[in-house]
Amino acid sequence: MSWRYTYCPKCGCDRCFTVKAVPDEAVVRGKKISFIRKDCFCEICGTEVYSKVINDENCDARLAAYGEDNSPTKYTVEFTSTVEVEAKDSVEAVEKAQEMFSHDSMYIYVDGNLWS
Ligand SMILES: [Zn+2]
């Protein structure tokens, strides 16, 4: 069976599907990225269907977009004090801020959002 077949819940059987490319945005480790997402639709009834192959491709596209953008971004990190750091993502920003303060805190905020 070709990978271009997948189960369609509406038809109740495996169907050939068509792929539509959709510009999408996502936030990965606190960084906004743009990439092209692929959506799959049943060729017979047009219902959106899930394909593992296409889903993997979407993950790869997201990772590639994240990897391409290595420019440092400015993050505001707050715990007991507020500090502005330049980092490639929010994880690195928090690490840098923790080094500066040489201590940890229960509550860390990055750009005003609680960091977990
Ligand atoms: Zn269908």
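What counts, and at which threshold
- Residues numbered from 1 in each chain as written.
- Predicted model: local features only at pLDDT ≥ 70, side-chain atom pairs only at ≥ 80, totals over all residues.
- Pairing = 2+ DSSP bridges.
- Helix = DSSP H or I, 4+ residues; strand = E, 2+ residues; numbered from the N terminus.
- Axes fitted to C-alpha atoms, helices over the stretch in contact; angles between N-to-C directions.
- Contact = placed C-beta atoms within 7 Å.
- Expected span 1.5 Å × (residues − 1).
- Buried ≥ 20, exposed ≤ 12 C-beta atoms within 10 Å, placed from the backbone.
- Arc of directions from axis to C-beta.

A. View of the sheet that holds strand S7 (residues 108-110). Pairing within the open sheet is antiparallel, and its four strands lie in the order S6-S5-S7-S8. A strand with exactly one partner marks an edge of an open sheet, and here the two such strands are strand S6 (82-87) and strand S8 (113-115). Neighbouring strand axes in the sheet, compared pairwise and without regard to direction, differ in orientation by 35° on average. Pairing of S7 with S8 involves three bridges; the strand directions are antiparallel. Directly across from valine 110, in S8, lies its bridge partner asparagine 113. The sheet strands contacting helix H2 (residues 90-101) are strand S5 (73-78), S6, S7 and S8, and the helix crosses S6 at an angle near 130°.

B. Layout of H2. In this model H2 runs 17 Å from its N-terminal to its C-terminal C-alpha over twelve residues, within 8% of the 16 Å that 1.5 Å per residue would give. Residues of H2 that are buried include every one of Ser90, Ala93, Val94 and Ala97, and no others. Projected onto a plane normal to the axis of H2, the buried residues spread over an arc of 95° and lie on a single side. Contact partners of the buried residues in H2: strand S3 (31-42), S5, S6, S7 and S8.

C. Inspection of the sheet that holds S3 at higher detail. If you walk across this open sheet you meet the four strands as S1-S2-S3-S4, and the pairing is antiparallel. A strand with exactly one partner marks an edge of an open sheet, and here the two such strands are strand S1 (5-8) and strand S4 (48-49). Strand direction decides the pairing type here: strand S2 (residues 13-28) and S3, joined by twelve bridges, are antiparallel. Counted as the bridge partner of valine 28 is lysine 31 from S3. In the packing of helix H1 (residues 52-68) onto the sheet, contacts are made with S2 and S3, and the angle to S3 comes to roughly 165°.

Keep in mind that these numbers describe shape and distance, not what the molecule does.
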